[in-house]
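Spelled out, the chains give:
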Amino acid sequence: MLAVDIQILLVIILGTTDCQIIPRIEECGLSCSQGFHCKSKPSTGIFNSFCRDAPASLSSTVLKSMKLSTAMKCVQGSQCSLHLNIKGTLNLDENIRGLEICSLSVDVQQSQCVNVRFSRKTSNKLLGRKVHVQFNCFEVNVAQHIYVTMKTIPNYCEVKLSQEYYVEDCRNNDVGKHIPVCFAGKLDYNVDRVRKTISVNVSDFLQDQDYYVRLCHKWFTCEDVGSFALIKGKESLKSTSLQYSQLLPCLCIEGWSAIPDARRTQLCPFKNDTKALWDRIVYNPATQTLAWEPACPVHVTVNLCRLTKPNEQCVDLQNSSTTAPEKVKYSRVDTHPRLCMKFTTKQGSWVRCPFAHGNFPAWKMRIAARAEQTQVSFISQTKAQFSVLVCNKAQLSSCNSVGIRHSVSAGDSHPTSVNISGEICGSQVCIQSWRTDVDYSVPLQICDIQCTLSSQSKEDDENAVRIMLLTAIILILVTMMALLGHKILTVFHRKKHEGRSPAQIIRQSFSTRAKSTSSLH
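The shown structure was predicted, so the numbers you read here are calculated from the model rather than taken from an experiment. (Residues numbered from 1 in each chain as written. Predicted model: local features only at pLDDT ≥ 70, side-chain atom pairs only at ≥ 80, totals over all residues. Heavy atoms only, no water.)

1. Side note on the pairing of strand β8 (residues 130-140)
Sheet topology places strand β2 (residues 30-32) next to β8; 3 bridges connect them, and they run antiparallel. Looking at β8, one finds that Leu30 is bridged to Phe135. With 9 bridges joining them, strand β5 (residues 79-91) and β8 adopt antiparallel strand pairing. Bridge pairing in β8 links Leu90 to Val131. (Pairing = 2+ DSSP bridges. Helix = DSSP H or I, 4+ residues; strand = E, 2+ residues; numbered from the N terminus.)

Below, the structure written as structure tokens:
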């Protein structure tokens, strides 16, 4: 319950601070307590800067108090300025002829001072009484940091009051509505992506006052990117066009009135246009360094990855992940077209392949099946070292080695080969190779290897024998049937001439064949 009460109290206090109404004054000036006569005169503060020892009769607390506040002076209800309102209290003493009040701007180290003198006749009559002094002619700026001192005249050592003060800023509603430097204006925009221009309309700013508009990149401050425009206050059309080169998440439109220390307003509408951030990749062939530098502040994880052929996924390379707000570098990088950079943010992932267009030296691997072995050939435009092995493909990003790793050198675009013994075939069997003379290389894989020529020839021979045997059996049966048919037709024609019927001829033929068969037994 107590915590809730404290939160409510803080809300009330903070809300009161922003909504506080600044007291108005018609004219600035000096005033003293009723019955006291005083007058003011500007002072450099130099002549009263050195102090003297105070008389024994003078109390060190002769200066009782000092209170600071802000006052607002307006001309014709619109042209307003801020003034520092200083109220001081002291006990009138015969050793004091007046006060020196100074205001020092801490930001720019500029000071302004005033001497306040008391009438001698009045002072002598009212010795020992309290005098209230109010002075409000020090003009101050919005959000100014001020150091105020109050000293006696003459300046007695250790008899002084001092206080720091912060002038209200434009977040105060009263200040924001009436002080010209707070009139930041309202910006509306329209983007022409074809012409690469941004049209800006300005409203709600100081009438008849010139207004500046520019494009900038927002880092710790908004850094100018060259496009700048001035809108004349007397012109009826309060708009301008600004040229841009890229729509970046940190590209902002900034506007402010053409008066000193004017408040600025910013509009950053392209926070989701992150695609252009990933194009600033640079490769240095001399050092084999691949680098990326963000054009805007961005929280991103960067990886090197291998672009796969089947589904165009980019598989991360081991030990290449880094998270950095500024420049990212990779040394000794393979320039293979499938080596890419992956950028991952909360919005998603983007892949850029700087070597995909064939502008840098690349290498290729090919295989050829021979009797009881496989020949692996390499062609590289530059001198390079490679490792080769046979592996079983477990996942998209991994391949488990099942053989001896072979090393080979290649270069100058001449093919170099290495022979791997044994049968290598199957849908999950791969030959994998990568460069070993760099720190980051793309592992290339050739998978789904067809069986070698020797095993295929053996299987073909077995099939041929089967076909030839079946063909021979069919030919023998056909021959036997042909001979039998020929014999029957011959006997048929012979008996026909002898006058017997066809049925008798056939019976005679079969009985004759049976007798000959039995005689053989």
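2. Re the sheet that holds β8
Spatial strand order, β1-β4-β5-β8-β2: 5 strands in an open sheet with mixed pairing. At either margin of the open sheet sits one strand with a lone partner, and together these are β1 (24-25) and β2. Note: β1 against strand β4 (residues 63-75), 2 bridges, orientation parallel. Across the sheet, the residue bridging to Ile25 is Lys73, located in β4.

3. Focus: the confidence of the model for the chain
Residues of the chain with pLDDT of at least 70 account for 86%, and the chain-wide mean is 83. This stretch, residues 1-17, has a pLDDT under 50; its non-local contacts, to residues over four places away or in other chains, come to 1 contact. (pLDDT = per-residue confidence, 0-100. Contact = heavy atoms within 4.5 Å.)

4. Thoughts on the nonpolar core
In this structure, Leu290, Trp292, Met341 and Phe378 are the most contacted members of the largest nonpolar core, which totals 44 residues. When residues of this core are assigned to their parent elements, the largest contribution, 4 residues, is made by strand β28 (residues 384-393). Not counting the four nearest positions on each side in its chain, Leu290 is found in contact with Ile281, Val282, Tyr283, Leu304, Val328, Lys329, Tyr330, Val333, Leu339, Met341, Pro354 and Phe355. Counting residues in hydrophobic clusters, the runner-up holds 40 residues, among them Leu82, Leu84, Val140 and Val181. (Core = buried A, V, L, I, M, F, W, Y, C linked by side-chain atoms within 4.5 Å. Buried < 20%, exposed > 50% of the residue type's maximum accessible area, 1.4 Å probe, protein only.)

5. Some details on the environment of Val388
Position of Val388 among the secondary structure elements: in strand β28. A C-alpha to C-alpha distance of 8.7 Å links Val388 and Val418, two positions 30 residues apart in sequence. Not counting chain neighbours up to four residues away, the residues in contact with Val388 comprise Val376, Phe378, Ile404, Arg405, His406, Val408, Val418, Ile420, Ile431, Gln432 and Ser433.

6. Side note on the side chain of Asn115
As for its placement among the helices and strands, Asn115 is situated in strand β7 (residues 110-118). In this view, Asn115 contacts Lys39, Ser40, Lys41, Ser43, Leu99, Glu100 and Ile153; residues no more than four positions away in its chain are not counted.

7. Brief notes about the state of the cysteines
Simply put, the disulfide is a covalent bond whose two ends are the sulfur atoms of two cysteines. Under the criterion given, the structure shown has 13 disulfides. Bridging Cys250 to Cys296, the disulfide has an S-S length of 1.7 Å. Residues Cys250 and Cys296 are joined by a disulfide whose S-S torsion is about -60°; by sign, that bridge is left-handed. With a gap of 46 residues between them, Cys250 in the loop between β15 (239-243) and β16 (251-257) and Cys296 in the loop between β19 (289-292) and β20 (301-307) connect regions that are remote in the sequence. At a sulfur-sulfur separation of 2.0 Å, the disulfide partner of Cys305 is Cys314. (Disulfide = S-S within 2.5 Å.)

8. Comments concerning the sheet that holds strand β18 (residues 281-284)
Ordered by their spatial adjacency, 3 strands build an open sheet running β18-β19-β23, and the pairing between neighbours is antiparallel. A single partner strand is all that each edge strand has here, and the edge strands are β18 and β23 (328-330). The mean inter-strand angle of the sheet, taken between neighbouring strand axes irrespective of direction, is 20°. Sheet topology note: the β18/β19 ladder contains 4 bridges and is antiparallel. Residue pairing across strands places Tyr283 opposite Leu290, the latter belonging to β19. (Axes fitted to C-alpha atoms, helices over the stretch in contact; angles between N-to-C directions.)

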